[in-house]
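Notes for the structure review
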Amino acid sequence: TKLAKFTHVDRMPAVLDFAMQGTIRDIISGKGSPSKFNKLLQHDILYKDAQLLPTFISNHDMGRFGHFLYEDIPELNKKEALKRSTLAHALLIFSRGVPVIYSGDEQGFTGDGNDQDAREPLFPSQVKSYNDNILIGTKKTAADNNFDKSHPLYKSMAKFSNTYRDETALRRGTQTVLYADDEAGGLVFSRHHKGDKIIVFTNTSNRSVMVKFNEKSK
């Protein structure tokens, strides 16, 4: 709500959507429930045009999502880290706004925190504090060449991005939450643009979930 005023008072076309970043982090790490995502979207009316907001889960100042995952879930194993990072990027790309992926996240970079601790290069690094990091989805380190198109995160993000490119509803559609658990579990939302509708189903828990929801046409 504090940032929304800049799109009205100062007439900026958009502002960085820090609220989306915090919400995705919380629901993917289990600190918050999927219902928090619904509450976030209810505040979209405060912005002049929420569809123009650049959305992100990592950046060069705050740090990387991989670091946040391990910070929030210290006991996280490698397999689950990959799944949760993949899900976080699916939410980022398929939700309203303009998704921005921070270079290196597609290679599983984690960093050590914010600012300069999260600026690893894709080419082989000679920085010790980068090279001792455990990367997600690979046995490589930052000391290796990380222009890897076979990395599972790279491949998933490429698929998500291709779908985003091909479906107008994902780029411009109104977003409506159809179901959201009050604890880790199901989150279902639709993106609707003119005659096109995309329904996205996600599961933020470690168990199978079954949900019932009413699909309401706009």
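Residues numbered from 1 in each chain as written. Predicted model: local features only at pLDDT ≥ 70, side-chain atom pairs only at ≥ 80, totals over all residues. Heavy atoms only, no water.

So, on to the packing of aromatic side chains. Taken as a whole and judged by the stated rule, the model has 3 aromatic pairs. A cation sits over an aromatic face here: Lys-5 above Phe-6, 5.5 Å from the ring centre. (Phe/Tyr/Trp six-rings, centres within 6.5 Å; stacked < 30°, edge-to-face > 60°. Lys NZ or Arg CZ within 6 Å of the ring centre and 35° of its normal.)

Bringing the environment of Met-210 into the picture now. Its place among the elements puts Met-210 in the segment after β5 (196–203). A relative accessible area of 79% means that Met-210 is categorised as exposed. Along the chain, Met-210 and Ser-35 lie 175 residues apart, while their C-alpha atoms are 16 Å from each other. (Helix = DSSP H or I, 4+ residues; strand = E, 2+ residues; numbered from the N terminus. Buried < 20%, exposed > 50% of the residue type's maximum accessible area, 1.4 Å probe, protein only.)

In the contact formed by helix α1 (residues 18–29) and helix α3 (residues 65–72), the axes pass within 10 Å of each other and the chain directions differ by 45°. Viewed along their axes, α1 and α3 adopt a mutual orientation that is oblique. Crossing hand, α1 versus α3: right-handed. In contact with Gln-21, Ile-24, Arg-25, Ile-28 and Ser-29 of α1, α3 contributes Phe-65, Phe-68, Leu-69, Glu-71 and Asp-72. (Axes fitted to C-alpha atoms, helices over the stretch in contact; angles between N-to-C directions. Parallel < 35°, antiparallel > 145°, perpendicular 65-115°, else oblique. Left-handed = near helix turned anticlockwise from the far one by under 90°. Contact = heavy atoms within 4.5 Å.)

Functional significance is not addressed by these values, which are geometric in nature.
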